[in-house]
Amino acid sequence: TANQFSRANELLYAGLKARTIESDAKTWGVLGYYYQQADQELQAISVLKEAIQLFPTAGQLELQLGEIYRQQEKTREAYPRYQNAVKKGNLEKPQVAYQLLAYAAFELDKMDEALTAVLAAEKSPDAAKDAQLPKLKKAIQDSIEERKYKQEEAAKKKTSA
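Residues numbered from 1 in each chain as written. Predicted model: local features only at pLDDT ≥ 70, side-chain atom pairs only at ≥ 80, totals over all residues. Heavy atoms only, no water.

1. Examining a nonpolar patch on the surface
At step 1: A surface patch of nonpolar side chains, amounting to about 270 Å² of accessible area, comprises Val30, Tyr33 and Tyr34.
At step 2: Counting through the fold element by element, tyrosine 33 comes out in helix H2 (residues 25–37). (Patch = residues over 30% accessible without salt bridge, like charges linked within 9 Å, V, L, I, M, F, W, Y side chains within 5 Å. Areas by Shrake-Rupley, 256 points an atom, 1.4 Å probe, with all protein chains shown as cover. Salt bridge = Lys/Arg side-chain N within 4 Å of Asp/Glu carboxyl O. Helix = DSSP H or I, 4+ residues; strand = E, 2+ residues; numbered from the N terminus.)

Quick look at the structure:
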């Protein structure tokens, strides 16, 4: 059945390119999703990058591309995609984008950016329902405090030497 999906994806892609199928950001996103479902992540990445060029204000496409990279454990590639997603907006669930940005920044040891993102995620009406968000915020704040403590200790050693 994988070959059937691959063929359907090829037809959808050809239709989008030929404009026999309405070319909009959502349809391109669906195509990217279908490629993922057919275990063709490289093709999904390629299609989403092409769609981002066609629809430069579609933050949802950036978010989707970031998610593929995250699933491949490529946080460095996912991080700028999440940044682009929140900058562009036009997201179905902005809180999710900010939260993913916060996780990626945390993983990359960009604690100030992580805190900014988690604070933005907290502003969403759905934030109160998310049990992970307070835990993420606490972990980020603890890391910032630890960094500050280490800097103070290093400064003390430097002045005493």
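2. Section: the packing of aromatic side chains
At step 1: In the structure shown here, the tally under the stated rule is two aromatic pairs.
At step 2: Relative to tryptophan 28, the ring of tyrosine 13 lies with its centre 6.0 Å away and its plane at 90°, an arrangement referred to as edge-to-face. Linking tyrosine 13 in helix H1 (residues 2–18) with tryptophan 28 in helix H2, this pair joins segments that are 15 residues apart in sequence.
At step 3: For tryptophan 28, a relative accessible area of 1% translates into the label buried.
At step 4: Ring geometry for tyrosine 33 versus tyrosine 34: centroids 6.2 Å apart, planes at 55°, classification tilted. (Phe/Tyr/Trp six-rings, centres within 6.5 Å; stacked < 30°, edge-to-face > 60°. Buried < 20%, exposed > 50% of the residue type's maximum accessible area, 1.4 Å probe, protein only.)

3. Brief notes about the pattern of salt bridges
At step 1: Using the criterion set out here, one finds eleven salt bridges in the structure.
At step 2: Arginine 7 is paired through a salt bridge with glutamate 10; the nearest N and O atoms lie 3.7 Å apart. You can see arginine 7 and its partner glutamate 10 sitting in helix H1, three residues apart, about one turn around the helix.
At step 3: What makes arginine 7 partly exposed here is its relative accessible area of 47%.
At step 4: With a shortest N-O distance of 2.7 Å, glutamate 62 and lysine 88 are connected by a salt bridge. Taken as a pair, glutamate 62 in helix H4 (residues 59–71) and lysine 88 in helix H5 (residues 75–88) lie far apart in primary sequence, 26 residues in all.
At step 5: On the basis of relative accessibility, which here comes to 2%, the residue glutamate 62 falls in the buried class.
At step 6: The network of salt bridges with shared partners includes Glu62, Arg81 and Lys88.

4. Thoughts on the nonpolar core
At step 1: Ranked by internal contacts, the top residues of the largest apolar core, which has 40 residues, are Leu63, Tyr82 and Ile140.
At step 2: Apart from the residues within four sequence positions on either side, isoleucine 140 is in contact with Ala102, Phe106, Met111, Ala114, Leu115 and Val118. (Core = buried A, V, L, I, M, F, W, Y, C linked by side-chain atoms within 4.5 Å. Contact = heavy atoms within 4.5 Å.)

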